[in-house]
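Chains, contacts and geometry: an overview
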Amino acid sequence: MKLPVLDNDTSLATSEGCQSSGCGSSDDSLTHLPEEIRNKVANHPCFSEKAHHYFARMHVAVAPACNIQCNYCNRKYDCSNESRPGVVSEVLTPAQAVKKVKAVAAEIPQMSVLGIAGPGDPLANPQKTFETFRRLSDEAPDIKLCVSTNGLNLPASVEEICKHNIDHVTITINCLDPKIGAKIYPWIYWDHRRIRGEEAAAILIEQQQKGLEMLVERGVLVKVNSVLIPGVNDQHLKEVSRVVKEKGAFLHNVMPLIAEAEHGTYYGLTGQREPTAAEVEEIQNSCSGDMNMMRHCRQCRADAVGLLGEDRGEEFTLDKIEAMEIDYPAAMEKRAQVHQEILEKLDADSGAAVQPQVPAASRPVRMAVATKGQGLINQHFGHAREFLVYEASPEGVRFVNHRTLPRPYCEGGDTCGEDAESLMAIVIRELQDCEVLLASRVGFEPWSALEEAGIQPNGEHALEGIEEAILAVYQKMQAEGQLQAKQPSLQTA
Ligand code: CLF
Ligand code: SF4
């Protein structure tokens, strides 16, 4: 669908997707929080790393217009503040969006959160965004509501946000300094005119900070997304983290810039480089002293459906949902039961010991995991589209990040085995800092290739909990004398 484009000084810009948002956290850092806040994040897959193994989110693409231009965005696609650039979502009316949400809620009872994250900026489309939220809070009150914005219209929207019980807001804040901002945002549309350069960046920054303060004052949980742009804001993000934490943001999500030339963005076309995985991790680590960091963001599309990392949107196209009969009261009952079971499991697991019995000087070890969710090692190596990477150390097991493949090693049928060598090379490059790969099964050929690359495949822990399995492997390595020498755990990807 072609949408109007913000190309003159008299109208709002529109896009088919926003590229400035994304979110998540390490749950170990949540235990100190008041119960009320813990309850708010316990079933939010982005605000809680643990929850993302069980609870799903969905987005509805009701907001095509945007009021700023980011250099990492091409308006033909979804807003890169929340989505992977290069993705186009089908724009829905509020009525279509509500029908879709109810259909997904009935079919995927573990879906707990509905977010509006594009394809443009939700708050640059206030009527469509708030009409969708209003109808959902009436018709599907068991679903958590979430919105992601570039922040320009945030102060003016805070009252409306609170009116609709939107508990979670994401603001993309890439900088606090207008000089840096002018390198990221060529213009904004503000007060009926287009403003450029540092003046534009200064207004945007002021609105973002004011919006953050207003939301925190009203008890709304705020996550801040920042796009890491090497040479532009990389050295500045620690300061961003410090300031937004000071103002009460709950979580900071540093996401890598995606700037491929074929997406047609300014950065893509001018050769701005993307950060490496190691650079993203380094910045996340340097910010984490100041606040909770999200490390499990998947830069979802503006119409994403399912667990983070999976996209079940094809099951819920407009023609399919039109044909569905939805008994929402029955769906709500089922959902309440499923959510309760998951929360009880999470609660029980939070008491489980994760401290390995190894000497304090043991070196850390990174392990990759193939999982389809539920916190289990339950995916065949060949079917994995991504691997979760964890680090075991004498302090315990911590989630590091995820590594994505262009496609699974084996999709079955005729394509299985196609490009096997080049895919294996990608797997080995992506997992070069890992010493072990845990999957429910690993085929003979990939097994040999992984072993040869120094990554030990392991299928002995199929259907076990991820952290327990990692702990068991780590302790076995210790028993076999493999953990003595300290060595650097992270290499440049
Ligand atoms: Fe969507 Fe964002 Fe709400 Fe999550 S996504 S609006 S907070 S429900 Fe989550 Fe997706 Fe990352 Fe966003 S993984 S891009 S952080
Ligand atoms: Fe694109 Fe930025 Fe607008 Fe999102 S906020 S749609 S990334 S210009």
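Worth saying up front: this structure is predicted, and the values here are computed from it rather than measured. Numbers given to residues run from 1 along each chain, matching the order in which its sequence is written. Numbering of ligands from 1 and lettering of chains from A proceed in the order in which they are written. Selection of residues for local features in this predicted model requires a pLDDT of at least 70, selection of side-chain atom pairs for listing and counting requires 80 or more, and totals for whole chains, interfaces and linings are taken over all residues. Computation of side-chain values covers all heavy atoms of the structure but excludes hydrogens and water.

To continue, consider helix 12 (residues 420–430). Helical geometry note: an α-helix holds 3.6 residues per turn, so side chains three or four residues apart project in the same direction. Considered for burial, the residues of helix 12 that qualify are Ala-420, Leu-423, Met-424, Ile-426, Val-427 and Glu-430. End-on, the buried residues of helix 12 take up no more than an arc of 155 degrees, which puts them together on one face. Two residues form a contact once any of their heavy atoms are found within 4.5 Å. Strands here are runs of E lasting at least two residues and helices are runs of H or I lasting at least four, both read from the DSSP assignment and numbered beginning at the N terminus. Buried residues belonging to helix 12 abut strand 14 (386–393), strand 15 (396–404) and helix 13 (444–452). Note on classification: 1.4 Å probe, protein chains only; a residue is buried when its accessible area is under 20% of the maximum for its type, exposed when over 50%, partly exposed between these limits. Directions from the helix axis toward the C-beta atoms define the arc.

Attention now moves to helix 3 (residues 126–139). Taking 1.5 Å of rise per residue, 14 residues should cover 20 Å, and helix 3 covers 20 Å from first to last C-alpha, within 8% of that figure. Within helix 3, burial applies to Thr-129, Phe-130, Thr-132, Phe-133 and Leu-136. Down the axis of helix 3, the buried side of the element spans an arc of 155 degrees, and every buried residue falls inside it. What points out from helix 3, more than 90 degrees from its buried face, is the exposed set Gln-127 and Asp-138. The inward-facing, buried residues of helix 3 contact helix 2 (94–107), strand 5 (111–116), strand 6 (144–149) and helix 4 (154–163). The length a helix should cover is 1.5 Å for every residue beyond the first.

With respect to the secondary-structure elements, Glu-213 resides in helix 6 (residues 197–217). Given a relative accessible area of 37%, Glu-213 falls into the partly exposed group. Through-space distance from the C-alpha of Glu-213 to that of Ala-249 is 8.7 Å; in sequence the pair is 36 residues apart.

When DSSP finds at least two bridges between two strands, those strands are taken to pair. Read across the sheet, five strands follow the order 15-14-13-16-17 without closing on themselves; strand pairing throughout is mixed. Sheet topology places strand 15 and strand 17 (456–458) at the edges, where each strand pairs with a single neighbour. The sheet shows a mean angle of 25 degrees between the axes of neighbouring strands, taken without regard to direction. The pairing of strand 13 (residues 365–369) with strand 14 spans five bridges and is classified as antiparallel. Looking at the pairing, Met-367 lines up with Tyr-390 of strand 14. With axes taken as lines fitted to C-alpha atoms, and helix axes fitted only over the stretch in contact, angles between N-to-C directions fall between 0 and 180 degrees. This element, helix 13, spans strand 16 (436–438) and strand 17 of the sheet and lies at about 140 degrees to strand 17.

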